[in-house]
Amino acid sequence: QVQLVESGGGLVQAGGSLRLSCEASGSIFSINAMGWYRQAPGKQRESVARITSGGSTAYADSVKGRFSISRDNAKNTVYLQMNSLKPEDTAVYYCHAVLSRVRVPYLSNYWGQGTQVTVSS
């Protein structure tokens with residue numbers, strides 16, 4: 001079994017900051033990419049940021065310059081530092097990982113349960 005557990009969501013005023021964390025645990029052999037998605041009410045889930053095992057990053061245009069993704073490979077943890085938050089950043093944020101499990105010779109996608117981020121104007 002593999003679990004992704006997120007933390008760090010909450011309510012913040014526009015212009016404020018939040019830091020999300022996501023720890024992967026279980027029978028993990030190796031983690032390829034990790035990232036964050038978000039889904040606002042009535043909208044499709046969208047990619048926010050992702051980071052490879054080598055540290056290469058990619059961001060949605062809407063968050064470039066405001067959000068920063070990082071990871072601690074030793075802790076199987078990915079972080080999302082969100083600065084200059086806007087009301088339109090309000091959404092449920094989901095952690096995502098592409099990983100292989102012990103004795104399972106292929107990559108699979110895993111998702112966290114989601115954490116609510118609400119930005120008030």
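Structure: see above.
Residues numbered from 1 in each chain as written. Predicted model: local features only at pLDDT ≥ 70, side-chain atom pairs only at ≥ 80, totals over all residues. Heavy atoms only, no water.

### Structural notes on the overall build of the protein chain
Selection criterion: Think of it this way: any DSSP run of H or I at least four residues long counts as a helix, any run of E at least two long counts as a strand, and we number them from the N terminus. Radius of gyration: C-alpha atoms only; globule rule: 2.2 Å multiplied by the number of residues to the exponent 0.38. Under the scheme applied here, a residue whose accessible area is under 20% of the maximum for its type counts as buried, over 50% as exposed, and between as partly exposed, the area being computed with a 1.4 Å probe on protein chains only.
Assigned secondary structure in the protein chain consists of 0 helices and 11 strands. Taken against the 2.2 N^0.38 rule, which gives 14 Å for 121 residues, the C-alpha radius of gyration of the protein chain at 14 Å falls within 12% of a compact globule. Each principal axis of the C-alpha distribution contributes one length, and for the protein chain these read about 50 × 25 × 25 Å. Split into buried and exposed, the 121 residues of the protein chain put 40% on the buried side.

### Details of the pairing of strand S11 (residues 115–120)
Using the following cut-off: Here, strands pair whenever DSSP counts at least two bridges between them.
Only one face of S11 is covered, namely the one carrying Thr-115, Val-117 and Val-119; the face carrying Gln-116, Thr-118 and Ser-120 has none of its residues buried. By the bridge criterion, 4 bridges tie strand S2 (residues 10–13) to S11 in an arrangement that is parallel. Counted as the bridge partner of Leu-11 is Thr-118 from S11. Summarising the sheet, strand S9 (residues 91–101) and S11 pair through 3 bridges and their orientation is antiparallel. Residue pairing across strands places Val-92 opposite Gln-116, the latter belonging to S11.

### What to know about the nonpolar core
The condition that has to hold: Joining through side-chain atoms within 4.5 Å is the link that ties buried Ala, Val, Leu, Ile, Met, Phe, Trp, Tyr and Cys residues into a set, and such a set is a nonpolar core. Note on contacts: a residue pair is in contact if any heavy atoms of the two residues lie within 4.5 Å.
Ranked by size, the top nonpolar core spans 31 residues in total, and within it Trp-36, Val-48, Phe-67, Val-78, Leu-80, Met-82 and Tyr-93 carry the most contacts. When contributions to this core are tallied by element, the ones reaching two or more residues are strand S1 (2–7), strand S3 (18–26), strand S4 (28–39), strand S5 (46–51), strand S7 (67–72), strand S8 (77–82), S9 and S11. Here this core takes 5 residues from S9, the largest share from any one element. Residue contacts for Val-78: discarding those within four places in its chain leaves Leu-20, Ser-21, Cys-22, Met-34, Trp-36, Ile-51, Ile-69, Ser-70, Arg-71 and Cys-95.

### What about the state of the cysteines?
Convention followed: Throughout, a disulfide means two cysteine sulfur atoms within 2.5 Å of one another.
For the structure on display, the rule yields 1 disulfide. What pairs with Cys-22 in a disulfide is Cys-95, and their sulfur atoms sit 2.1 Å apart. Classification of the bridge connecting Cys-22 and Cys-95 rests on its S-S torsion, roughly -85 degrees, and on that basis the disulfide is left-handed. On the criterion of sequence distance, the pair formed by Cys-22 in strand S3 and Cys-95 in strand S9 is long-range, its members being 73 residues apart. The exposure class assigned to Cys-22 is buried, which follows from its relative accessible area of 0%.

### A word on the pairing of S3
Strand direction decides the pairing type here: S1 and S3, joined by 6 bridges, are antiparallel. Within the sheet, the bridge partner assigned to Val-5 lies in S3 and is Glu-23. As paired elements, S3 and S8 share 6 bridges and run antiparallel to each other. Paired with Cys-22 across the bridge in S8 is Val-78.

### Topic: unusual backbone geometry
Positive phi, normally seen in glycine, also occurs at Ser-84, with a value near 50 degrees. Position of Ser-84 relative to the elements: it lies in the loop between S8 and S9. Given the relative accessible area of 40%, Ser-84 is considered partly exposed. The phi angle at Arg-103 is positive, at roughly 65 degrees, despite the residue not being glycine. Among the structural elements, Arg-103 can be located in the loop between S9 and strand S10 (107–111). Under the relative-accessibility criterion, Arg-103 is labelled exposed at 79%.

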